[in-house]
Amino acid sequence: MPDKLQTALDRSAFLFLDGAMGTELQKRGLQLGQKHELAAFFMPDTLTAIHADYAAAGADILIANTFGANPKKLAGTGYTLEETVAASLACARAAAEKTGALVALDIGPLGELLAPAGTLAFEDACAQFAQIVKAGAAGADLVFIETMTDLYELKAALLAAKENCRLPVFASMSFEARGRTFTGCTVESFAVTAAGLGADAVGINCSLGPAEILPFAKRLCRSVPAGLPVFVKPNAGLPNPDGSYDLTPQKFAEEMKDFAAIGVSMLGGCCGTGPESIRLLRQAYRGLVPAQKVPVRRSALCTPVRFVEVEGITVVGERINPTGKKRLQQALRAGDMAYACAQAVQQAEAGAEVLDVNAGLPGIDEAATLERLVKELQAVTDLPLQLDSSDPAALSRALRVYNGKPIVNSVNGEQKVLDAILPLCKKYGAAVVGLTLDENGIPKTAAGRVAVARRIVEAANRAGIPNEDIYIDCLTLTASAEQAAAGETLAALAACKRELGVRTVLGVSNISFGLPCRGYLNTAFLTMAMQAGLDLAIMNPNTPEMMAAVRAYRVLTCQDAQSAAYIAAYAGMQVQSQAVPVPAAAPAPARPGAETPAPDPLYDAVRKGLKAEAKTAAAAALAAGQAPLDLVNASLIPALDAVGEGFEKGTVFLPQLLQAATAAQSAFEAIKAALARSGAPSAGKGRIVLATVKGDIHDIGKNIVRVVLENYGYDVLDLGRDVAPEAVVDAVRRTGAPLVGLSALMTTTVPSMQATIGALRAAGLDCKVMVGGAVLTPAYAEQIGADFYARDAKASADIAKQVLGG
Amino acid sequence: MQLSLPQTIDRATLLRYLGAAGWQPDAATDALLQKAGALVLGAATPRGVWRTLPLSVLEGEAIGSDLARHLAGCDSVTFLAVTLGAEVDALLRRLEAQDIALAAAADAAASVLIESAADALEGRVRAALPAGRYLTGRYAPGYGDCPLALNDTLCLALDTVRGAGLAVTPEHLLAPRKSTTAVLGGADAPVTGARAGCAHCLLQTTCAYRKRGTTCAG
């Protein structure tokens with residue numbers, strides 16, 4: 001390894017990066033309309049001279065002009081990615097040879113947004129970055145990923161670099177003045193994710209000047225391990241209206257001096273800086289050595305926008321786990337992710353801070369389902385996920401596509417489990433749960449469980465996972481079966497915290513299995529566990545008394561300053577819960593005939609669009625013994641029809657129609673749960689497959705249609721948006737759905753709607769297709785081969801009735 | 001550059017986007033629209049970029065006859081692009097999984113906000129206009145017979161990925177979803193441009209606005 005690279009990685013001296021490339025190229029003759037990334041072809045001498053000037057100014061690392069050398073930017077230029085990268089690196093290398101500077105393969109954003117914001121799949125982004133890395137690795141000393149604003153894209157680039165070359169990889173993001181990137185990523189989420197994925201140095205570049213970046217660089221230094229180098233590459237201040245920047249090279253170097261004391265060890269410049277900025281910067285740092293970094297050792301999990309520090313009790317929502325949950329089982333078997341997504345949002349609203357995700361269900365492909373769940377869930381929630389599986393293949397796929405730092409649930413004391421799963425956690429920078437059991441089962445005593453925990457901690461440490469990322473689960477046993485075990489669990493938990501210096505986790509609700517009024521036991525056990533030092537409580541956040549115990553505990557242990565969170569949750573409320581006898585099943589009341597109209601609270605609630613009332617009314621009717629399907633046919637559908645007619649006449653407006661749909665939906669959840677409990681597969685009105693077609697990301701119309709069709713009792717399989725024709729064909733083949741609904745909003749995506757219809761016809765599937773979307777018309781629908789044009793959601797329900805009956 | 005947010009979402013425009021122009025909402029809907037507006041305002045980080053270039057940058061570009069008419073008599077074009085940011089998209093996805101009525105209201109509120117953000121940026125562009133120069137109104141790719149593909153050229157020229165976190169998909173859609181782009185013509189003499197009108201619109205026979213005797217232009 002070159003000495004300079006060694007210095008860069010061991011932080012023994014300050015190293016200097018170069019300054020801007022784009023602004024220098026423009027200064028030296030780049031014409032409007034000429035692409036920066038092709039400078040190595042049409043102005044190679046100028047490009048080499050810029051690098052040489054930076055080297056002469058004292059830059060130790062020359063960043064090659066490959067920032068925009070990616071498939072999107074090079075398309076149509078006549079140059080391949082490989083020749084562009086090679087030619088650009090050659091210019092930097094020629095300049096570097098004179099001074100012994102290092103050459104970096106520069107990697108910038110691909111110019112497309114990754115799904116879910118855009119349509120670029122994570123795997124495709126990885127593949128594009130891999131192509132760049134392979135093209136440049138041989139000609140470079142290090143890989144420099146910079147100006148990233150999407151943590152997911154940064155992850156794709158980092159993985160591609162780590163997997164396709166052996167060079168050190170530097171990773172840098174650009175932050176706005178609010179301390180977040182364009183996509184909302186925080187400094188801390190960037191820090192722990194990039195460090196966890198094995199970046200060899202992390203930094204901040206572009207967007208702001210030295211003074212604005214300074215506080216973010218401090219946070220970055222505190223958030224990565226002491227040995228991991230941190231660099232900055234600020235702009236020459238803020239842009240002026242004419243496109244220039246407000247700091248002179250002298251002033252830039254002056255402001256940069258503040259980084260010397262905070263632990264940064266490499267410095268350079270971005271937009272608006274030039275060779276003179278670097279020369280003066282180097283001069284300003286003469287005689288200085290990098291300060292020691294003093295990182296905060298903290299247990300953290302994150303998504304880009306949410307950094308969860310596990311300090312004190314933290315609630316992990318347990319609802320996305322099919323074990324014992326028939327409704328979720330049905331949904332996962334059908335390939336319907338919308339139900340799990342709704343559960344995620346609901347748990348977040350109830351106070352969950354992390355969500356457990358489990359796809360272990362006999363008869364389904366766990367690895368594929370877990371991966372898909374992770375992708376879908378992170379599109380609708382910003383809570384970190386706990387990836388719950390013991391299957392290394394499922395974990396590997398889920399870890400790969402997770403955006404941020406997750407926690408894996410779980411390993412145990414069995415060596416083969418540790419060997420299979422810990423390296424995955426290390427590679428993807430995940431925290432890990434260790435269950436205190438091994439091939440001999442669960443030790444009876446606390447001491448036995450602590451011994452297993454110790455083995456797990458040692459193995460994790462050996463795999464490179466620090467204690468703050470290890471969460472030991474001392475296992476909740478059922479009190480009805482093993483009453484004395486509760487005490488052992490809590491004693492083991494306290495000992496693990498005390499003796500091993502790790503975090504702890506428990507699945508709380510298991511304590512009460514088989515006993516009545518489980519909430520009482522769960523709450524008492526949770527409280528005891530919190531007192532014993534529990535960090536992560538895996539529980540149902542929708543249980544009010546358990547969330548109340550958590551919030552009360554935070555007040556009593558001074559974690560909730562001034563009881564602010566407690567007051568926010570409970571001000572203006574009163575407690576009403578108490579155990580009441582379970583009512584005996586009442587005989588189903590006769591349905592009121594037309595001649596004797598009786599009050600129908602569900603019908604009224606849906607017509608008026610009252611969500612809570614509709615849910616209560618449905619639950620009451622079900623508790624009174626009314627058959628779920630009767631409720632749908634006698635109350636829900638008539639109410640929806642009445643609102644729909646009003647909408648057609650113009651007496652009901654869209655917001656009212658949708659509020660009625662939402663009210664019906666909340667009632668329907670109670671009905672579906674009752675159907676699932678009774679073992680009925682569904683409301684049984686027939687299946688419909690919905691999708692927003694490939695290339696289109698505008699799907700609110702399709703989502704409205706889904707809610708309305710579900711309210712009419714149809715089983716809707718919603719494939720989401722940007723759905724490939726093959727996926728629609730597969731779904732129809734698998735489900736035998738007689739009706740498919742496709743949506744496209746833009747003129748440019750209607751061809752993919754036509755392609756989807758063509759694929760369905762070519763596959764010989766006997767289904768009708770209805771289409772909708774802003775740019776469609778009845779004539780256009782016919783022209784592309786659709787059977788029906790659905791003007792709006794109401795029309796789609798009418799079409800469904802025509803095709804499927806109901 | 002970051003653009004400032006209005007205090008509230010314009011109610012009349014919001015109702016128009018929800019197909020309920022002129023309606024006096026009931027109390028429940030009023031509360032829904034309030035909530036949706038507050039959520040969108042909380043999640044939005046509007047940013048815009050703009051740049052004036054010689055008209056020749058559009059040479060060889062298929063821009064359609066409507067935009068060509070709009071730019072008649074101009075010698076420069078000003079491109080602008082505005083986005084509410086990825087966090088609004090994330091909010092809308094979350095709401096769609098939670099409450100479709102609230103989601104639709106928030107979606108419409110975001111559409112109102114993106115227009116007001118574009119107005120704000122256009123205001124800055126006009127304020128920076130040299131004396132003796134004049135601009136047409138905004139013309140957005142995708143209207144009339146102007147292809148959406150113009151978004152590629154426009155966003156590349158503005159480097160919207162770097163300047164605003166705004167990208168174009170392979171199908172020429174803007175991502176994040178709540179974004180907009182526009183072309184304004186510039187000239188030494190007063191120019192107003194010509195609206196796309198309905199002549200080349202795909203929806204000319206089915207348009208809900210036209211049925212009510214108005215157009216989508218307001």
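Residues numbered from 1 in each chain as written. Chains lettered and ligands numbered in written order. Predicted model: local features only at pLDDT ≥ 70, side-chain atom pairs only at ≥ 80, totals over all residues.

Looking now at the overall build of chain A. Within chain A, the secondary structure is distributed over 31 helices and 23 strands. Relative to the compact-globule value of 28 Å for 806 residues, chain A shows a C-alpha radius of gyration of 30 Å, a close match. With the C-alpha coordinates aligned to their principal axes, the bounding extent of chain A is approximately 95 × 75 × 50 Å. Counting the 806 residues in chain A, one finds 57% classified as buried. (Helix = DSSP H or I, 4+ residues; strand = E, 2+ residues; numbered from the N terminus. Rg over C-alpha atoms; globule rule 2.2 N^0.38 Å. Buried ≥ 20, exposed ≤ 12 C-beta atoms within 10 Å, placed from the backbone.)

Quick look at the overall build of chain B now. A tally of regular secondary structure across chain B gives eight helices and six strands. Seen in sequence order, chain B has helices and strands lined up from the N terminus as α-α-β-α-β-α-α-β-α-α-β-β-β-α. Since a compact globule built from 218 residues should have a radius of gyration of about 17 Å, the 18 Å found for chain B is in line with a globular shape. Expressed along its principal axes, the backbone C-alpha trace of chain B runs to roughly 50 × 40 × 35 Å. Looking at chain B residue by residue over its 218 residues, the buried ones come to 51%.

In this section: the interface of chain B and chain A. Taken together, the 43 residues of chain B in the interface contact 45 residues of chain A. Mapped onto the side of chain B that touches chain A, the elements with two or more residues apiece are helix 2 (27-43), helix 4 (86-98), helix 5 (100-127) and helix 7 (160-164) of chain B. It is helix 4 of chain B that provides the largest number of residues to the side of chain B that touches chain A, a total of nine residues. Residue composition of the side of chain B that touches chain A, grouped by class: 24 nonpolar, nine polar and ten charged. (Contact = placed C-beta atoms within 7 Å. Nonpolar A, V, L, I, M, F, W, Y, C, P; charged D, E, K, R; others polar.)

Turning our attention to the sheet that holds strand 20 (residues 715-718) of chain A. All names here are of chain A. The sheet built from five strands is open, its strands ordered 20-19-21-22-23 with parallel pairing. Where the open sheet ends on each side, the last strands, each with one partner, are strand 20 and strand 23 (788-789). Both strand 22 (residues 768-772) and strand 23 contribute to a ladder of two bridges, which runs parallel. Bridged to Met770 within strand 23 is Phe788. (Pairing = 2+ DSSP bridges.)

Next up on the list: unusual backbone geometry. Peptide bonds are trans in most cases, and residues, glycine excluded, mostly fall at negative phi. Residues and elements named next belong to chain A. A cis geometry characterises the amide bond from Ala115 onward to Pro116, with omega recorded as 10 degrees. Positionally, Pro116 belongs in the loop between strand 3 (102-107) and helix 7 (122-136). In this structure, Cys517 is a non-glycine residue whose phi angle is positive, near 45 degrees. By secondary structure assignment, the location of Cys517 is in the loop between strand 17 (503-507) and helix 20 (518-532).

Another aspect to go through is helix 9 (residues 187-196) of chain A. Residue and element names in this part refer to chain A. Most of helix 9 sits out of view: ten of its ten residues are buried. For helix 9, the full list of buried residues reads Val187, Glu188, Ser189, Phe190, Ala191, Val192, Thr193, Ala194, Ala195 and Gly196. Along its buried surface, helix 9 packs onto helix 8 (151-164), strand 5 (169-173), strand 6 (201-205), helix 10 (210-223), strand 9 (300-302) and strand 10 (307-309). Gly198, located one to two residues past helix 9, shows a positive phi value of around 95 degrees.

Membership of the largest hydrophobic core comes to 355 residues, with the highest contact counts inside it found for Leu62, Val143 and Val432 of chain A. Among the elements that make up this core, the one with the highest residue count is helix 5 of chain B (17 residues). Beyond its immediate sequence surroundings of up to four residues, Val432 of chain A is in contact with Ile407, Val408, Val411, Leu422, Cys425, Ala460, Ile465, Asp469, Ile470 and Tyr471 of chain A. (Core = buried A, V, L, I, M, F, W, Y, C linked by C-beta atoms within 7 Å.)

What follows concerns the environment of Glu171 of chain B. Tracing the sequence through the fold places Glu171 of chain B in the loop between strand 4 (167-168) and strand 5 (174-175). Judged by the 23 C-beta atoms lying within 10 Å of it, Glu171 of chain B falls in the buried class. Sequence spacing of Glu171 of chain B and Asp99 of chain B is 72 residues, and the spatial spacing of their C-alpha atoms is 29 Å. Discounting chain neighbours no more than four positions away, the residues touching Glu171 of chain B are Gly695, Asp696, Met746, Thr748 and Thr749 of chain A.

With that settled, consider the packing of helix 18 (residues 446-462) of chain A against helix 19 (residues 485-500) of chain A. Residue and element names in this part refer to chain A. Here helix 18 crosses helix 19 at 40 degrees, and the two axes come no closer than 8 Å. Relative to helix 19, the element helix 18 is oriented oblique. Crossing of helix 18 against helix 19: the hand is right-handed. Judged by residue contacts, Ala446, Arg449, Val450, Ala453, Arg454 and Val457 of helix 18 engage Glu488, Ala491, Ala492, Ala495, Cys496, Glu499 and Leu500 from helix 19. (Axes fitted to C-alpha atoms, helices over the stretch in contact; angles between N-to-C directions. Parallel < 35°, antiparallel > 145°, perpendicular 65-115°, else oblique. Left-handed = near helix turned anticlockwise from the far one by under 90°.)

Let us now look at the domain arrangement of chain A. All names here are of chain A. By the assigned domains, chain A splits into domain 1 (3-284), domain 2 (300-560), domain 3 (601-677) and domain 4 (687-804). Of note, the centres of domain 1 and domain 2, computed from C-alpha atoms alone, are 38 Å apart. The interface of domain 1 with domain 2 comprises 16 residues on the first partner and 13 residues on the second. Put simply, the parts of the chain that give the side of domain 1 that touches domain 2 at least two residues each are helix 8 and helix 9. (Domains from an automatic or database assignment.)

Residue and element names in this part refer to chain B. Mean pLDDT for chain B: 91, with 92% of residues reaching 70 or above. Mean pLDDT across the elements of chain B ranges from a minimum in helix 8 (residues 208-211), with 68, to a maximum in strand 2 (residues 76-83), with 97. Of the two predicted TM-score estimates for the complex, the pTM is 0.94 and the ipTM is 0.92. (pLDDT = per-residue confidence, 0-100.)

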